[in-house]
Amino acid sequence: MKPRLSPQTLEVIDALLAAPREWQYGYDISRNTGLKSGTLYPILMRMADRKLLETRWEASEPGKPPRHMYRFTPEGLRFARANSPAQPAGSRRVALSLENG
Amino acid sequence: MGAPRRFAAALLTAVLRIAPPASREWASAMLRELDFIPGEWAALFWALGSASAIVRHAACNWRQWVTQLNSKREERMNSTGKKTIGVVSGAVSAIMLVACAFGLLRLTSILFPRLGIVNAGWTHILTMIVIPEAIFIAAAVALWRKRRPIAAGILLIAVAIGVHIAVWAAIH
């Protein structure tokens, strides 16, 4: 049985699935999904707690403080592919970017 | 840096300082992202949302900790409760055996008055003390390994009867 995921969680899954092997920043995910930090971070925290998401710190620019980055674990990627409404992964985002020119 | 961004940074710094260890990494991540958010008010709203997320995360962890603590306490209480029930049921069984022996003795004296059981002291000692005590010891030995609380309850009554006899013997 598929777990019931909120539309916001599906948005986050979809955003991370757009580039599943790449690390993504919190603010970038927020911008891509349109979710506020108060909605986005609890989702990321839950996914990280369930080992679906791996996190790491990266010094993005010299002189700037390091940023926290996120990407799917192999288990998370399987979970995301099984539960994402947009198949193949990222197709909806590609369609949106094409629509926006 | 405008006032909203300064306030946002101060808020997230304060949250980072008071956040529990489990939420600190996330609070730090939200604070770092603040530098990359264009717009003063967007930064402020980011900080407000982040602070609420950290508070909820900390509250959730705290609730989990309390639930775990309560379940451990409940487990301990359950174990103590089970032992108590075992001891009480063993003691009640022993008391019922003595009561049955006493009832049988009285019934025999009523049904067969000519036997003179009421006046014979040895019948009382045999049916009320020797036989029940032997049964108690045998039952306690048999139950000690698998039903230790019940065995302890039975032994408790056996000891109580023994003390009762000792006190009675000392007085008379």
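Since this is a predicted model, take the numbers as computed values, not measurements.

Caption draft 1: Examining the overall build of chain B more closely. Helix and strand counts for chain B come out as five helices and zero strands. Of the regular secondary structure in chain B, the N- to C-terminal order runs α-α-α-α-α. Nonlocal contacts in chain B, meaning residues at least 24 apart in sequence, comprise 66% of its contacts between residues at least 6 apart.

Caption draft 2: Spotlight on the nonpolar core. If you look at the biggest cluster of nonpolar residues, it comprises 38 residues, and the most contacted ones within it are A:Leu16, A:Leu44, B:Leu12, B:Ala27, B:Leu34 and B:Ala47. Elements represented by at least two residues in this core include exactly α1 (7-17), α2 (26-33), α3 (37-49), β3 (67-72) and α4 (74-83) of chain A together with α1 (3-18), α2 (21-33) and α3 (40-111) of chain B. The leading source of residues in this core is α3(B), at seven residues. Filtering out sequence-adjacent residues up to four positions away, A:Leu16 remains in contact with A:Gln24, A:Tyr70, A:Arg71, A:Phe72 and A:Ala80.

Caption draft 3: Representation of the sheet that holds strand β2 (residues 53-58) of chain A within the structure. Residues and elements named next belong to chain A. One open sheet holds the three strands; their spatial order is β1-β3-β2, and the pairing between them is antiparallel. Among the strands making up the open sheet, the edge pair consists of β1 (24-25) and β2. Bridging between β1 and β3 involves two bridges; their strand directions are antiparallel. Following the sheet pairing, Gln-24 is matched in β3 by Tyr-70.

Caption draft 4: Representation of the interface of chain A and chain B within the structure. Each side of the interface is counted separately: chain A has 14 residues, and chain B has 16 residues. Of all the secondary-structure elements, those providing two or more residues to the side of chain A that touches chain B are α2, α3 and β3 of chain A. Sort the elements by how many residues they give to the side of chain A that touches chain B and α3(A) lands first, with five residues. In terms of residue class, the side of chain A that touches chain B is made up of seven nonpolar, four polar and three charged.

Caption draft 5: Structural detail: the packing of α1(B) against α2(B). Residues and elements named next belong to chain B. Contact pair α1 / α2: the axes reach a minimum separation of 9 Å and the direction vectors enclose 165°. By the angle class used here, α1 and α2 are roughly antiparallel. In the packing of α1 onto α2, the handedness of the crossing is left-handed. Contact with α1, carried on its side by Leu-12, Thr-13, Val-15 and Leu-16, involves Arg-24, Ala-27, Ser-28, Met-30 and Leu-31 of α2 and no other residues of that element. Classifying every residue of the contact of α1 with α2 gives six nonpolar, two polar and one charged.

Here is what the cut-offs are and how they apply
Residues numbered from 1 in each chain as written. Chains lettered and ligands numbered in written order. Predicted model: local features only at pLDDT ≥ 70, side-chain atom pairs only at ≥ 80, totals over all residues. Helix = DSSP H or I, 4+ residues; strand = E, 2+ residues; numbered from the N terminus. Contact = placed C-beta atoms within 7 Å. Core = buried A, V, L, I, M, F, W, Y, C linked by C-beta atoms within 7 Å. Buried ≥ 20, exposed ≤ 12 C-beta atoms within 10 Å, placed from the backbone. Pairing = 2+ DSSP bridges. Nonpolar A, V, L, I, M, F, W, Y, C, P; charged D, E, K, R; others polar. Axes fitted to C-alpha atoms, helices over the stretch in contact; angles between N-to-C directions. Parallel < 35°, antiparallel > 145°, perpendicular 65-115°, else oblique. Left-handed = near helix turned anticlockwise from the far one by under 90°.

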